[in-house]
Amino acid sequence: IDLDLHLQEDRKLFYSLEPRRCPPKAEEEFDIALIQLHIARIGALVEDIQKLVSAYMYLVGWENDKLTGTALIIFVVFTLTFNMEYLGTLPIGVIVLYMVYLAYLRVNGRFKDRFISKEKDALIESEKKIEKNHSIHRPIGILEVGELRGKHLKTRELGLPGSFYATISYDPMRYADEHAKASLAKIDASSTCSHQIGSTISPGITSNPIWTNFQDSAELMRVRYLLPDDQTLGRHLSQNVEETSLKVMYPVLQPLTEDGEGIAPVDAVDGGQRSDVQLMPWESSYGAIVIQVRFSDVLGTLFDNVLGEVVVPVAKLAGSGRAVEGWFRLLDVGTTDFIPGDSTDETTEEAGTELSVAKKGEEDKELPQIELPEIYLKAKFSPNFGDSSSDLESSKVICEELVRTASLSQGNGVGVIGSSLSTLNTVRTLGGTLQNQISFVVDMIEKARNAFNFSNPRITVLILLCLSVLWTVLALIPTRIVILIGGIAQFGATYYDKYMSPRKKKREVSSEDKKTDASDVGGNVFENMFLSIPTDEDLRRTYFWEARRVGEREREKYAMAKRQTRVEKLWKARWHGSLVMKEKKADANDTQNSSARSSWSWKGIFALIEGHRFIWWRSEKHFDTGESPLGQIFFAGHSGLAGLSPLDLRELTKEEIPSVVSIFGRGQQGQQKITMLAPSLELKDSLENAVLFASTDAKAD
C-alpha cells in the first residue's frame, strides 16, 4: 500500500487574533504496560533531581578539594561585594546561562544524546552486574535428581487418580529471609528468581506414577549447548542415561555473601582481590531443589493447579553425605519444611505383606490411615566440580546464563489483579482514571522542563529572549522596585476592570458561527504554545530506532569480546569464523526443470573447529545465546579436505571457485560432505590448515 502524507502547520494557532483551541490529548485505555511506563517516567524525573542534588553535594562536599575551595572563595567574595538590591538577577542569570549552554549542545547535535545514551548506559549497567557476579571465581556444584515416582497422588476435588507430572527447579533464596534476599540481590543478580531445570512427562492416569521421561528446560539446554562436550563439565552434563531411569543434572554456582562470615576472599578473575564479596559455604546456602507435582489436564493447566511440592535444601545435601533418598511428603507451595514420608520402599512392602495379612483382624479394629501424597526421589550434590582453566570459564558462562534468565523473569513478572469480571471492570475504570491523571501530571512537568532545553527551538528562543530582557530590567532597577511595580500593576488592572472599563457589547452569534465547532474557538496563544512542546516520551519515541542502533553496536562489542574469550579458553578452538555454506533449498525437489544453480543457495554460518569436530551454527548470535548447532562433522577415519567435483565446477562461478572449501567426515547420518565459501583467501588458508591438522591428528589417534 502506497500512502502519501502531506503535513502543514496551522499558523492560526499562534498568530491570529482569535486562535483556535488545540484539541486535547485523547484519553488512554487502562493498560498495565502504560502505567508502568508512566511510573518509569516519574522515576526518570526523580533521577534527574537526584543527579542535581548529587552535583550540588559534590560541589560543596570536598570530594574535590580544588573545586570546593574555589567555589567557597567565589561564594564569600560574591556575598560580600554583591548588592542585594539586585538579587533578582541571580536566578534569572543562572537560567539564561544554562539555556545558552543547552543552545550550544543543540547546535552541535548533542541534544539527542540524553535519549540515545540511555540504551547504552542500561547495557553497560547490566554488564557491570554480570561482571560483579563472576569477578571472583565461583566454584561449580552439580545437583543431581533421579528416580522420581509418586504414591497416593489424587485430585483434590474428587480424590481420583489423575495425569500428573513433576517440575524440577532450583530456588537460590528459598530459605533466605527478607533482609538476606535484599542483600543477595545486590551482589548476585542470578539469585532473584527460581531457575527451571525441566519437567517430567506424565505416564498416564494413575495415582502411583513412575516418571522416566524428562524434558529439559530452555535454560538447561542453553547451558549444555554453551559448554563443549569434550570439556569436563560439558561432558558430565551431556552424558546419556538409560530410558528406564531418570537422572537430571544441573550446575549451580557457589553463593556469595558480603556479611564477612564467608570464605576468605579469593583471587579475582582479573588477578585482583575483592574484599567486599566473599563465597558462602555450601553448608550455609539458602538454595533448595524444588519438585512440584502438577496436573497435566487442561483445567489444571489453566488454573496452574499444583498438588504440592517437596523442597530439598542444598545445605542439607552439602552437610549430610551429599545425598538424600527416600519417600517425602508433598506439602503446600512455598514451604520450607522437608518431611520424610510414611511409605517404605517396594522391597520392604513385599517383605511385610505376609505379616500384614496375619494381623488383618487386629488392623480392622484400628482407625483407617489417611493416605497422604508422597514422592520418592534421590538427590545428590557434588560441590566444587572441576578446577581447571576451562572450568573457570565455564563458571562465567553459567553465571551469564543465570543472570540472563533472572533478567527475563523480572521483565515478565506482571501479575493479574483479580479474576472476576466485576473486579476487572472496576480495576479498568479506576485504573484508567488514575492512569490518565498520572499521564497528565507527568506530561505537564516534562513540557515545563522541555520549554527551556530547546526541544521546541522556536518557543525556547522566545523564552530566552524574554528572560534576557527581564534580566536586563532587574540589573538596571532594584528588585524590590520591580516587585512593587508588578504588584501595583496587578491591583490596578483588576480595579480598572471592575470600576472603569465600559461594558462589553454582546456579540450576536451568526448562523455560521453556530456551525463552528466549539473546539475551534476560545483558544489561547500561550496555552497552545505550551501544548506544542514535546514530552520526554515523544522525544524517546522519535529517537527510538537510533537509540536501538547505538545499543546494538555496543552490545556487539561486548558479545565479540565474550565470544573470543569463550572460543579460546572454553572451547579451545583451533579455528573459528564466519562463512557461507552451500545449502539445498526446501523446494528443490519441486524444481525439476530448473537449473542446478537454482536448487541451492549460500547461507551464512558461524563455525569452529574443536578437537576433531567441525561445528557450525546459523550465526554468531546463535552461538552466543546457546542455541543448538545446525550440524557437526567428526574427523575420524576417512575425513579431511575434499576437492571440487565436476558438478561443483559447473555450478560455481569463476569468482567463487578460488574461495571454496569442501570438507568431509562422519556426520550425524553417516558420511557427509559440506561446501563452504570463505570471505577471503587468508581465511580459506587458515581453515584448510586447521582441517588438515584436526584430520591428521585424528588419524594418528
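Residues numbered from 1 in each chain as written. Predicted model: local features only at pLDDT ≥ 70, side-chain atom pairs only at ≥ 80, totals over all residues. Heavy atoms only, no water.

*Asks:* Quick question: what am I supposed to make of the overall build of the protein chain here?
*Replies:* Looking only at helices and strands, one finds 24 helices and 19 strands in the protein chain. Expressed as a percentage of its 701 residues, the buried residues of the protein chain come to 36%. Pairs at least 24 residues apart make up 72% of the contacts formed inside the protein chain by residues separated by at least 6 positions. For the protein chain, the exposed area adds up to about 42600 Å²; of that, 57% sits on carbon and sulfur atoms. (Helix = DSSP H or I, 4+ residues; strand = E, 2+ residues; numbered from the N terminus. Buried < 20%, exposed > 50% of the residue type's maximum accessible area, 1.4 Å probe, protein only. Contact = heavy atoms within 4.5 Å. Areas by Shrake-Rupley, 256 points an atom, 1.4 Å probe, with all protein chains shown as cover.)

*Asks:* For this particular structure, what's the right way to read the packing of helix α2 (residues 32–60) against helix α3 (residues 65–81)?
*Replies:* The relative placement of two packed helices is expressed as an angle between their axes plus a distance between the axes. Packing of α2 against α3 leaves a shortest axis separation of 7 Å and a crossing angle of 85°. Our classification of the angle between α2 and α3 gives roughly perpendicular. When α2 is examined against α3, the residues Tyr58, Leu59 and Val60 are found in contact with a partner set consisting of Leu67, Thr68 and Ala71. Here the residues of the contact of α2 with α3 are counted per class, giving five nonpolar, one polar and no charged. (Axes fitted to C-alpha atoms, helices over the stretch in contact; angles between N-to-C directions. Parallel < 35°, antiparallel > 145°, perpendicular 65-115°, else oblique. Nonpolar A, V, L, I, M, F, W, Y, C, P; charged D, E, K, R; others polar.)

*Asks:* I'm lost on the nonpolar core in this one. Help?
*Replies:* General note: in soluble globular proteins, nonpolar side chains tend to be found buried as a group. One finds Leu148, Ile289, Ile291 and Leu377 to be the most contacted residues of the largest nonpolar core, which totals 58 residues. Filtering out sequence-adjacent residues up to four positions away, isoleucine 291 remains in contact with Val145, Leu148, Ala166, Thr167, Ile168, Gly308, Glu309, Val310, Ile375 and Leu377. Membership of the second largest hydrophobic core comes to 19 residues, among which are Trp575, Ile605, Trp616 and Ala678. (Core = buried A, V, L, I, M, F, W, Y, C linked by side-chain atoms within 4.5 Å.)

*Asks:* In this structure, what is going on with the sheet that holds strand β1 (residues 140–151)? I would like to understand it.
*Replies:* As a general point, the strands of a sheet are linked pairwise by backbone hydrogen bonds and lie either parallel or antiparallel. Across the sheet, four strands lie side by side as β6-β1-β12-β11; this open sheet has antiparallel pairing. If you trace the sheet from one side to the other, it starts and ends with β6 (247–253) and β11 (323–329), each paired once. Strand-to-strand twist across the sheet, computed as the mean angle between neighbouring axes with direction ignored, equals 25°. (Pairing = 2+ DSSP bridges.)

*Asks:* Just checking my understanding: could you explain the packing of aromatic side chains for this structure?
*Replies:* To describe a pair of aromatic rings, one takes the distance between the centres and the angle between the planes. Inspection of the entire model under this criterion finds 18 aromatic pairs. Members of the aromatic cluster, each reached through a chain of ring pairs, are Trp571, Phe606, Trp617 and Phe623. Between the NZ or CZ atom of lysine 151 and the centre of the ring of tryptophan 327, over which it lies, the distance is 4.7 Å. If you follow lysine 582 out to its NZ or CZ, it ends over the ring of tryptophan 600, 4.8 Å from the centre. (Phe/Tyr/Trp six-rings, centres within 6.5 Å; stacked < 30°, edge-to-face > 60°. Lys NZ or Arg CZ within 6 Å of the ring centre and 35° of its normal.)

*Asks:* Whenever I open this one, a positive patch on the surface confuses me. Can you help?
*Replies:* A contiguous patch of positive charge, built from Lys120, Arg549, Arg553 and Lys557, is present on the exposed surface. Considering each element in turn, the positive patch owes the most residues, three residues, to helix α21 (residues 544–570). By secondary structure assignment, the location of lysine 120 is in helix α5 (residues 113–133). Classification of lysine 120 by relative accessible area gives partly exposed; the value is 32%. (Patch = residues over 30% accessible without salt bridge, like charges linked within 9 Å, V, L, I, M, F, W, Y side chains within 5 Å. Salt bridge = Lys/Arg side-chain N within 4 Å of Asp/Glu carboxyl O. Lys, Arg positive; Asp, Glu negative; His and termini not counted. Charge placed at Lys NZ, Arg CZ, Asp CG, Glu CD.)

*Asks:* What is the right way to read the environment of leucine 462 from this model?
*Replies:* Locating leucine 462 in the fold gives a position in helix α16 (residues 457–476). As a C-alpha pair, leucine 462 and phenylalanine 452 span ten residues in sequence and 9.9 Å in three-dimensional space.

*Asks:* What exactly am I supposed to notice about the pattern of salt bridges here?
*Replies:* Side chains that carry opposite charge are capable of pairing whenever their charged atoms lie near each other. Under the counting rule described, the total for this entry stands at 26 salt bridges. Notably, a salt bridge pairs arginine 114 with aspartate 536, separated by 3.6 Å at the nearest N-O pair. Pair noted here: arginine 114 is in helix α5 and aspartate 536 is in helix α20 (residues 536–542), with a separation of 422 residues, a long-range link. You can call arginine 114 partly exposed: its relative accessible area is 29%. Take aspartate 536: its relative accessible area is 11%, and that puts it in the buried class. With a closest N to O distance of 3.1 Å, aspartate 171 and arginine 174 form a salt bridge. Each member of the pair, aspartate 171 as well as arginine 174, is classed as buried. Here the residues in one salt-bridge network are Lys25, Glu28, Arg41, Asp443 and Glu446, joined through shared partners.

*Asks:* Please clarify how the environment of glycine 523 should be interpreted in this entry.
*Replies:* The topology assignment puts glycine 523 in the loop between α18 (511–515) and α19 (525–531). Look at glycine 523 and you get partly exposed, because its relative accessible area is 23%. In this structure the C-alpha to C-alpha distance between glycine 523 and glutamate 18, which are 505 residues apart in sequence, comes to 6.9 Å.

*Asks:* Honestly, the pairing of strand β9 (residues 288–295) in this entry has me stumped. Any pointers?
*Replies:* In the case of a regular strand, side chains alternate between the two sheet surfaces. Among the eight residues of β9, eight are classified as buried, and the element is accordingly described as predominantly covered. Residues Ala288, Val290, Gln292 and Arg294 point to one face of β9 and Ile289, Ile291, Val293 and Phe295 to the other, with burial holding for every one of them. Bridging between β9 and strand β10 (residues 306–313) involves seven bridges; their strand directions are antiparallel. Paired with valine 293 across the bridge in β10 is glycine 308.

*Asks:* Teacher, can you tell me more about a nonpolar patch on the surface here?
*Replies:* There is a patch of nonpolar side chains on the surface, built from Leu465, Val469, Val473, Leu476, Ile477, Ile481, Leu484, Ile485 and Ile488 and spanning about 810 Å² of accessible area. At the level of secondary structure, the elements contributing two or more residues to the nonpolar patch comprise α16 and α17 (479–500). For isoleucine 481, the position within the fold is in helix α17. Take isoleucine 481: its relative accessible area is 34%, and that puts it in the partly exposed class.

*Asks:* How do you make sense of helix α4 (residues 89–107) when you look at a structure like this?
*Replies:* Every α-helical turn comprises 3.6 residues, leaving residues that sit three or four positions apart pointing alike. A rise of 1.5 Å per residue sets the reference length of α4, with its 19 residues, at 27 Å; its end C-alpha atoms lie 26 Å apart and thus fit the reference within 8%. For α4, the full list of buried residues reads Thr89, Ile92, Gly93, Val96, Met99, Leu102, Ala103 and Leu105. If you follow the buried residues of α4, they end up packed against α16. (Expected span 1.5 Å × (residues − 1).)

*Asks:* Any chance you could explain the environment of methionine 173 here in plain terms?
*Replies:* In this fold, methionine 173 is placed in the loop between β2 (162–171) and α6 (178–187). Remark: the alpha-carbon pair of methionine 173 and serine 191, spanning 18 residues in sequence, is separated by 6.6 Å.

*Asks:* Where do I start with α16 in this structure?
*Replies:* Taking 1.5 Å of rise per residue, 20 residues should cover 28 Å, and α16 covers 28 Å from first to last C-alpha, within 8% of that figure. Where α16 is concerned, the buried positions are Ile459, Thr460, Leu464, Leu467 and Leu474. On an axial view of α16, the arc spanned by its buried residues comes to 135°, and they lie on one face. For α16, the exposed residues lying more than 90 degrees away from the buried face are Leu465 and Leu476. (Arc of directions from axis to C-beta.)

*Asks:* Would you explain the pairing of β6 in this entry?
*Replies:* Where burial is concerned, most of β6 is hidden: six out of the seven residues are buried. Pairing between β1 and β6: seven bridges, direction antiparallel. What sits directly across from isoleucine 140, in β6, is leucine 253.

*Asks:* Help me out: how do you make sense of the confidence of the model for the protein chain in this one?
*Replies:* Of all residues in the protein chain, 79% attain a pLDDT of 70 or more, and the chain-wide mean is 81. In this model, residues 265–273 is a region of pLDDT below 50 whose contacts with residues beyond four sequence positions or in other chains number 23 contacts. Long-range and interchain partners of residues 346–363, a stretch whose pLDDT sits below 50, account for four contacts in this model, where long-range means more than four residues apart. (pLDDT = per-residue confidence, 0-100.)

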